[in-house]
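The primary structure of each chain is shown beneath.
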Amino acid sequence: MADAAKDLASGTVGGAAQLIVGHPFDTIKVKLQSQPAPTPGQPPRYKGAIDAVKQTVAAEGPKGLYKGMGAPLATVAAFNAVLFTVRGQMETLLRSEPGAPLTISQQFVCGAGAGFAVSFLACPTELIKCRLQAQGGALTSTTSSVVAAVKYGGPMDVARHVLRSEGGARGLFKGLFPTLAREVPGNAMMFAAYEGFKRFLAGGSDTSSLGQGSLIMAGGVAGASFWGIVYPTDVVKSVLQVDDYKNPKYLGSMDAFRKILKAEGVKGLYKGFGPAMARSVPANAACFLAYEMTRSSLG
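Everything numeric here is computed off the predicted structure, so don't read it as measured data. (Residues numbered from 1 in each chain as written. Predicted model: local features only at pLDDT ≥ 70, side-chain atom pairs only at ≥ 80, totals over all residues. Heavy atoms only, no water.)

Visitor: Help me understand empty space enclosed by the protein, please; the structure alone is not making it clear to me.
Guide: A probe matching the size of a water molecule, rolled over the atoms, marks out where space remains unfilled. Within this structure, the stated rule accounts for two cavities of 30 Å³ or more. What lines the largest cavity is a set of 26 residues, among which Gln18, Phe79, Glu126, Glu183 and Arg279 lie closest to the centre. Looking at the lining of the largest cavity, the elements with two or more residues in it are helix 1 (3–34), helix 3 (70–94), helix 4 (104–135), helix 7 (176–202), helix 8 (212–241) and helix 10 (273–297). In terms of residue class, the lining of the largest cavity is made up of ten nonpolar, nine polar and seven charged. (1 Å grid on protein atoms, 1.4 Å probe; cavity = no way out; pocket = protein on both sides within 12 Å on 5 of 7 lines; lining within 4 Å. Points joined across faces, edges and corners; volume = space filled by probe spheres on them. Helix = DSSP H or I, 4+ residues; strand = E, 2+ residues; numbered from the N terminus. Nonpolar A, V, L, I, M, F, W, Y, C, P; charged D, E, K, R; others polar.)

This is the structure in structure tokens:
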């Protein structure tokens, strides 16, 4: 089997593991990110991550934590196939000779290239996911445009509505700029941190002898590295993607950034950071472990 095919298959398995472990955390993150700023004297809809979990389970049951999973589940194969295959192909291009280990800076470049490629799949997928995740807890007040004005029946219903009423295919790519600003540096840091931590544990560039526990640790560190540097761009992406199309609150990425900063301060750019970090460690640990095990089994 060719290396690209092995990366494709292994990335698919890794992505499925990541999604199953991490989606409930992601749902809470999006709910916290997309809730409107409270009016003076009024408490926010969710007091924090635990409160968001309690309200979601009380209103929708445990299945509410998996709302919006259909969209990423339907595309997880393609998403991770692109991510790991592009990274693998860039590794091949940068190697001085077949089998030669890459430097950490070269791994950084490979991750950046993979992040760029995958952004064009991530943007429409996450728009659909965010609309479904946010609608259960969105406010219907006309004073805020960050609302779920339309109730969706599922991923395909969101896609149909956007294509019909929000500018066609262009509407599905709302939030592409902050998606790129998240995926390119985020994946660059994630893959560099993953390889760097594996070499630290192995005591050198040969990491083939590392056990599953070490791979889990490296994957967790990699996931934390991703969110540690790009989280504000994810907040901007989320509020843009759930913004009301007919009465938008935000005119673009920079406008959203400025308005969040003005209304809520720096902490507004880190809404949902706790659930995101709590998700990133086990979800990415599961992803990289599943990827490595599948890749190893394929030779």
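Visitor: Just to check I follow, could you spell out the pattern of salt bridges for this structure?
Guide: Any two side chains of opposite charge can pair, so long as their charged atoms come close to each other. Scanning all chains against the criterion turns up 17 salt bridges. A salt bridge links lysine 31 to glutamate 60; the shortest N-O distance between them is 3.8 Å. You can see lysine 31 sitting in helix 1 and its partner glutamate 60 sitting in helix 2 (residues 49–60), a full 29 residues away along the chain. The buried category is assigned to lysine 31, whose relative accessible area is 3%. Between lysine 237 and glutamate 126 there is a salt bridge whose closest N-O contact spans 2.9 Å. Linking lysine 237 in helix 8 with glutamate 126 in helix 4, this pair joins segments that are 111 residues apart in sequence. On the accessibility criterion, glutamate 126 (15% relative accessible area) is buried. Overlapping salt bridges, with partners in common, bring together Asp26, Lys29, Glu126, Lys129, Arg182, Glu183, Asp234 and Lys237 in one network. (Salt bridge = Lys/Arg side-chain N within 4 Å of Asp/Glu carboxyl O. Buried < 20%, exposed > 50% of the residue type's maximum accessible area, 1.4 Å probe, protein only.)

Visitor: What is the right way to look at the UniProt feature "repeat: Solcar" (unreviewed entry) in the chain in this model?
Guide: Under the feature "repeat: Solcar" (unreviewed entry), the UniProt entry names residues 2–93, 102–200 and 210–297. With 76% helix and 0% strand, residues 210–297 has its two end C-alpha atoms placed 15 Å apart. (UniProt positions renumbered as here; feature names shortened; annotations may be inferred.)

Visitor: Explanation requested: the layout of surface pockets in the structure shown.
Guide: Of the volumes computed, that of the largest pocket is approximately 950 Å³. Looking at the lining of the largest pocket, the elements with two or more residues in it are helix 1, helix 3, helix 7, helix 8 and helix 10. No other element matches helix 3, which puts six residues into the lining of the largest pocket. Of the residues contributing to the lining of the largest pocket, the split by class is nine nonpolar, ten polar and eleven charged. Arg170, Phe173, Lys174, Gly175 and Tyr245 are the residues nearest the centre of the second largest pocket, which is lined by 15 residues in total. Tallied by class, the residues present in the lining of the second largest pocket amount to six nonpolar, five polar and four charged.

Visitor: Whenever I open this one, the packing of helix 1 against helix 4 confuses me. Can you help?
Guide: The geometry of helix 1 relative to helix 4 is characterised by a closest axis approach of 9 Å and an angle of 75° between their N-to-C directions. Relative to helix 4, the element helix 1 lies roughly perpendicular. Of helix 4, the residues touching helix 1 (which contributes His23, Asp26, Thr27, Val30, Lys31 and Ser34) are Lys129, Cys130, Gln133 and Ala134. The residue inventory of the contact of helix 1 with helix 4, partitioned by class, reads three nonpolar, four polar and three charged. (Axes fitted to C-alpha atoms, helices over the stretch in contact; angles between N-to-C directions. Parallel < 35°, antiparallel > 145°, perpendicular 65-115°, else oblique. Contact = heavy atoms within 4.5 Å.)

Visitor: Can you walk me through the packing of aromatic side chains in this structure?
Guide: Each aromatic ring pair is summarised here by two numbers: the centre-to-centre distance and the angle between the ring planes. Evaluation of the coordinates by the stated rule reveals twelve aromatic pairs. Residues phenylalanine 191 and phenylalanine 288 carry aromatic rings whose centres are separated by 5.9 Å and whose planes lie at 80° to one another, so their mutual orientation is edge-to-face. In this pair, phenylalanine 191 sits in helix 7 while phenylalanine 288 sits in helix 10, placing the two residues 97 residues apart along the sequence. A single burial state applies to phenylalanine 191 and to phenylalanine 288, both of which are buried. Where phenylalanine 197 meets phenylalanine 200, the ring centres are 5.8 Å apart and the plane angle is 35°; that geometry is what we call tilted. Note that phenylalanine 197 and phenylalanine 200 are positioned in helix 7 at a spacing of three residues, about one turn of the helix. Judged by relative accessible area, which is 62%, phenylalanine 200 ranks as exposed. (Phe/Tyr/Trp six-rings, centres within 6.5 Å; stacked < 30°, edge-to-face > 60°.)

Visitor: Is there a simple way to explain helix 4 in this structure?
Guide: A turn of α-helix holds 3.6 residues, and therefore any two residues three or four places apart point the same way. Its axis deflected by about 45° at serine 119, helix 4 carries its strongest bend there. Most of helix 4 sits out of view: 23 of its 32 residues are buried. (Bend = angle between axes of the 7 residues up to and from the residue.)

Visitor: What is the right way to read the nonpolar core from this model?
Guide: A general feature of soluble globular proteins is that nonpolar side chains tend to end up buried together. Phe84 and Phe288 are the most contacted members of the largest nonpolar core, which totals 30 residues. Mapped by element, the contributors of at least two residues to this core are helix 3, helix 4, helix 7, helix 8, helix 9 (253–264) and helix 10. For this core, the leading source of residues is helix 8, giving eleven residues. In terms of nonpolar packing, the next biggest core, distinct from the first, is built from eight residues, Tyr152, Val158, Ala159 and Leu172 among them. (Core = buried A, V, L, I, M, F, W, Y, C linked by side-chain atoms within 4.5 Å.)

Visitor: Would you mind going over the environment of glycine 228 with me for this structure?
Guide: By secondary structure assignment, the location of glycine 228 is in helix 8. Residues glycine 228 and threonine 12 lie 216 residues apart in sequence; the distance between their C-alpha atoms is 25 Å.

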